[in-house]
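Observations on the model geometry
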Amino acid sequence: MSILDYLLKRKKKSANIAKERLQIIFAAENMDKNGPDFLPELKRELLEVISRYVAVDQDLIQVNVERDSECDILELNIPLSGSHIKQKNKVAKAAKAASH
Amino acid sequence: MAKVIVVTSGKGGVGKTTTSASIATGLAKRGHKTVVIDFDVGLRNLDLIMGCERRVVYDFVNVLQNEANLKQALIKDKHCDNLFVLPASQTRDKDALTPEGVEKVLNELRENHDFIVCDSPAGIEQGAVMALYFADEAIVVTNPEVSSVRDSDRILGILSAKSKRAAENQEPIKEHLLITRYSPERVSSGEMLSITDIQELLGVKLVGVIPESQTVLQASNSGIPVIHMNDSPSGQAYEDVVARFLGEERPMRFVEPEKKSFLKRLFGT
């Protein structure tokens, strides 16, 4: 970059943007690889319990683990579609601090 | 014992074949008996880069399917005595590469070669997996550009998960990072990922940096591996890569921008 470019701030440093974007996707991909492997089992068992009480659509259930710097958040998203609860979405969030 | 080296990248067009040709040539020039194999069945190009396209009679797939023996299929390089090329088939399907067949050919080649360089096709499918499966060492070719770096990360994952060494719980494949098409000027102006950026992102030891250069195209036009171009930076950079690969210490060259005059610096170019 020439001095004139620098003085006029003509260019944005795109290499830094590239590096940040790559860091984010690599971090996300690593999380998928190292994520807890009990999630499918947990999902199946939760479903079993909940479906004893209300009708739930299995395909709509989402179980995710989000990772912050300080804690992991286990997020369950279970839309209830029983006759007495009309299309009402309930979100149960359980946060658990886990330092690692 | 012969060493199997895979030259791989995930992404296409980053310089795998150019690198395979030059590294195999460099190893042979130093007296090591070397064979370079094109694993890109259906899209062969190594023969063109090595300048032996008119001498192809039998190919890798012919050998795998017992239609020819290795001796008939190996093409002796015209510049180096110790170098042989095993071309890919241009007409067959990638599925012709089976683990059993490839292993048999590699074992036969191991008997009387020091190095077997496997030029991988792009992608992460059968051809690419077969090229890396039996490798002892891997050269991951990366351009300073987002999609190439991401694909290199992916291929590094495959190297450590899907190779024979991984399957048999042996010592993992030794990985080397080779950055190609590097432009120090663009790095210093902040518009290209730097060597440090790429190394930090991929976490692999650097074996060399090949600068962006017009010589590479001139070399491929004439079918001469660019390492033969002794007076060009890219040729010399490949020479350094081979030396480092064999354990020599060499400082990185061609990684700093050329000094500009005051006026140029003021107004840009």
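Since the model is a prediction, treat every value here as computed from it, not as a measurement.

Observations regarding a positive patch on the surface
All names here are of chain B. Residues Lys259, Lys260, Lys264 and Arg265 make up a contiguous surface patch of positive charge. Here Arg265 lies in helix H13 (residues 262-267). Taking relative accessible area as the criterion, Arg265 reaches 43% and is therefore assigned partly exposed.

Concerning the side chain of Thr25 of chain B
Examined against the element boundaries, Thr25 of chain B turns out to sit in helix H1 (residues 16-29). If sequence neighbours within four positions are ignored, Thr25 of chain B has contacts with Met50, Cys80, Leu83, Pro225, Ile227 and His228 of chain B.

Here we look at the confidence of the model for chain B
For chain B, mean pLDDT is 95; residues scoring 70 or higher make up 99% of the total. The complex prediction reports pTM at 0.79, with the ipTM value standing at 0.86.

Remarks on the interface of chain A and chain B
On the chain B side, the residues contacting the 15 residues of chain A number 17 residues. Taken together, the two surfaces of chain A and chain B that pack against each other cover about 1500 Å², and 63% of this comes from carbon and sulfur. If you sort the residues of chain A by the area they bury against chain B, Lys19, Leu22 and Phe26 of chain A come out on top, with a joint share of 35%. Counting across the chain A and chain B interface gives 2 salt bridges. The partner of Lys19 of chain A in a salt bridge is Glu200 of chain B, and the shortest N-O contact between them spans 2.8 Å. At the junction of chain A and chain B, the tally comes to 4 residue pairs in polar contact (both at pLDDT 80 or more). Listed by contribution, the elements that provide at least two residues to the side of chain A that touches chain B are helix H1 (3-8) and helix H2 (14-34) of chain A. Here the element with the most residues in the side of chain A that touches chain B is H2 of chain A; it accounts for 9 residues.

A word on the pairing of strand S4 (residues 83-86) of chain B
Residues and elements named next belong to chain B. The side-chain alternation of S4 yields two buried faces, one formed by Leu83 and Val85 and the other by Phe84 and Leu86. Examined bridge by bridge, strand S2 (residues 34-38) and S4 share 4 bridges and lie parallel to one another. Looking at the pairing, Thr34 lines up with Leu83 of S4. In this structure, strand S3 (residues 75-76) lies alongside S4, joined through 2 bridges in antiparallel fashion. When the sheet's bridge partners are listed, Lys76 is paired in S4 with Phe84.

Description of the confidence of the model for chain A
Within chain A, residue pLDDT values average 69, and 57% of them lie at 70 or more. Overall, residues 84-100 of chain A carries pLDDT values under 50, and its contacts beyond four positions in sequence, including any with other chains, amount to 27 contacts.

Examining the pattern of salt bridges
All names here are of chain B. Tallied over the entire structure, the rule returns 17 salt bridges over all chains. The residue Asp136 makes a salt bridge to Arg110 at a minimum N-O spacing of 3.9 Å. Taken together, the residues span a long stretch of sequence, with Asp136 in the loop between helix H6 (126-133) and strand S6 (137-142) and Arg110 in helix H5 (residues 99-111) at a distance of 26 residues. Given the relative accessible area of 15%, Asp136 is considered buried.

Quick look at the side chain of Asp59 of chain B
Residues and elements named next belong to chain B. Tracing the backbone through its elements, the reader meets Asp59 in the loop between helix H2 (46-50) and helix H3 (60-64). Looking at Asp59, its side chain comes within polar contact range of the main-chain nitrogen of Val61, at 2.9 Å. Sequence-distant contacts of Asp59, defined by excluding residues within four places in its chain, comprise Ala73, Leu86, Pro87, Ala88 and Ser89.

A few points about the sheet that holds strand S1 (residues 3-8) of chain B
Strand pairing in a sheet takes place through backbone hydrogen bonds and is either antiparallel or parallel in direction. Residue and element names in this part refer to chain B. The strand order across the open sheet formed by 8 strands is S3-S4-S2-S5-S1-S6-S7-S8, and the pairing between neighbours is mixed. The open sheet is flanked by S3 and strand S8 (206-211), the only strands paired with a single partner. Both S6 and strand S7 (residues 174-182) contribute to a ladder of 6 bridges, which runs parallel. Counterpart to Ile139 in the pairing with S7 is His176.

Things to note about helix H7 (residues 146-162) of chain B
Its 17 residues give H7 of chain B an end-to-end C-alpha distance of 24 Å, which sits within 8% of 24 Å, the value for a rise of 1.5 Å per residue. Among the residues of H7 of chain B, Ser148, Val149, Ser152, Asp153, Ile155, Leu156, Ile158 and Leu159 of chain B are the ones counted as buried.

Re the packing of H7 of chain B against helix H10 (residues 195-202) of chain B
All names here are of chain B. Running from amino to carboxyl end, H7 crosses H10 at an angle of 35°, the nearest separation of the two axes being 10 Å. For the pair H7 and H10, the sense of crossing is right-handed. The segment H7 lies against H10, with Val149, Ser152, Asp153 and Leu156 engaging Ile198, Leu201 and Leu202. Split into classes, the residues belonging to the contact of H7 with H10 amount to 5 nonpolar, 1 polar and 1 charged.

A short note on the pairing of S6 of chain B
Residues and elements named next belong to chain B. A large share of S6 lies buried, amounting to 6 of its 6 residues. Neither face of S6 is exposed, since Glu137, Ile139 and Val141 on one face and Ala138, Val140 and Thr142 on the opposite face are all buried. Bridging between S1 and S6 involves 4 bridges; their strand directions are parallel. Along S6, the bridge assignment pairs Val7 with Ile139.

Thresholds, definitions, all that
- Residues numbered from 1 in each chain as written.
- Chains lettered and ligands numbered in written order.
- Predicted model: local features only at pLDDT ≥ 70, side-chain atom pairs only at ≥ 80, totals over all residues.
- Heavy atoms only, no water.
- Patch = residues over 30% accessible without salt bridge, like charges linked within 9 Å, V, L, I, M, F, W, Y side chains within 5 Å.
- Areas by Shrake-Rupley, 256 points an atom, 1.4 Å probe, with all protein chains shown as cover.
- Salt bridge = Lys/Arg side-chain N within 4 Å of Asp/Glu carboxyl O.
- Lys, Arg positive; Asp, Glu negative; His and termini not counted.
- Charge placed at Lys NZ, Arg CZ, Asp CG, Glu CD.
- Helix = DSSP H or I, 4+ residues; strand = E, 2+ residues; numbered from the N terminus.
- Buried < 20%, exposed > 50% of the residue type's maximum accessible area, 1.4 Å probe, protein only.
- Contact = heavy atoms within 4.5 Å.
- pLDDT = per-residue confidence, 0-100.
- Buried area = accessible area lost by both parts, 1.4 Å probe.
- Polar contact = N/O pair within 3.5 Å; in protein donor to acceptor, adjacent residues only side chain to side chain.
- Pairing = 2+ DSSP bridges.
- Expected span 1.5 Å × (residues − 1).
- Axes fitted to C-alpha atoms, helices over the stretch in contact; angles between N-to-C directions.
- Left-handed = near helix turned anticlockwise from the far one by under 90°.
- Nonpolar A, V, L, I, M, F, W, Y, C, P; charged D, E, K, R; others polar.

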